[in-house]
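Remarks on the overall topology
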Amino acid sequence: MIVAAWKEALGVDSIGIHDNFFDLGAHSLTVAEVQAKLQETLGREIPLLDLFQFSTVCSLASHLAGTRPRGPASDRAQRRRLAQQR
């Protein structure tokens, strides 16, 4: 569902689960479009900040499911948090 929303908003054919939404060309209007689509699909509110903070399919899906993503940190926000802890 996240991949489908990103593909539609970005007009791309292929998105990997570790691709960064903003590296694929997203901007603030795209974020709002994806937010609306996901809220409609999931039937719940999703803060805009979540889409900026969890900028890969893997990290956003894990966040929305209430779990932590497996494997290496793949989104910018997570990498920044890890760097600040060092």
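Read on for an overview of the structure. (Residues numbered from 1 in each chain as written. Predicted model: local features only at pLDDT ≥ 70, side-chain atom pairs only at ≥ 80, totals over all residues. Heavy atoms only, no water.)

1. Things to note about the overall build of the protein
In terms of helices and strands, the protein carries five helices and zero strands. Each helix and strand of the protein, placed in order from N terminus to C terminus, yields the pattern α-α-α-α-α. Sorting the 86 residues of the protein into buried and exposed places 34% on the buried side. If you take every contact in the protein between residues at least 6 apart in sequence, the share linking residues at least 24 apart comes to 45%. On the protein, roughly 5400 Å² of surface is accessible, and the fraction owed to carbon and sulfur atoms is 51%. (Helix = DSSP H or I, 4+ residues; strand = E, 2+ residues; numbered from the N terminus. Buried < 20%, exposed > 50% of the residue type's maximum accessible area, 1.4 Å probe, protein only. Contact = heavy atoms within 4.5 Å. Areas by Shrake-Rupley, 256 points an atom, 1.4 Å probe, with all protein chains shown as cover.)

2. Details of helix 4 (residues 57–65)
Since the α-helix turns once every 3.6 residues, residues separated by three or four places project in the same direction. Buried within helix 4 are the following residues: V57, C58, S59, L60, S62 and L64. In this fold, the buried residues of helix 4 make contact with helix 1 (2–10), helix 2 (28–42) and helix 3 (48–53). Just downstream of helix 4 lies G66, where phi reads positive at about 80 degrees.

3. Some thoughts on the nonpolar core
Membership of the largest hydrophobic core comes to 17 residues, with the highest contact counts inside it found for I2, W6, F21, V34, L38 and L60. Here the element with the most residues in this core is helix 1; it accounts for five residues. Residues contacting V34, with those up to four places away along its chain left out, are A5, W6, A9, F21 and L51. (Core = buried A, V, L, I, M, F, W, Y, C linked by side-chain atoms within 4.5 Å.)

4. Remarks on the packing of helix 1 against helix 4
At a minimum axis separation of 10 Å, helix 1 and helix 4 run at an interaxial angle of 130 degrees. Taken together, the axes of helix 1 and helix 4 lie oblique to each other. Classified by chirality, the crossing of helix 4 by helix 1 is right-handed. On helix 4, the residues touching I2, V3 and W6 of helix 1 are V57, L60, A61 and L64. Class assignment for the residues of the contact of helix 1 with helix 4 results in seven nonpolar, no polar and no charged. (Axes fitted to C-alpha atoms, helices over the stretch in contact; angles between N-to-C directions. Parallel < 35°, antiparallel > 145°, perpendicular 65-115°, else oblique. Left-handed = near helix turned anticlockwise from the far one by under 90°. Nonpolar A, V, L, I, M, F, W, Y, C, P; charged D, E, K, R; others polar.)

So far we have only geometry, and geometry alone does not tell us how the molecule works.
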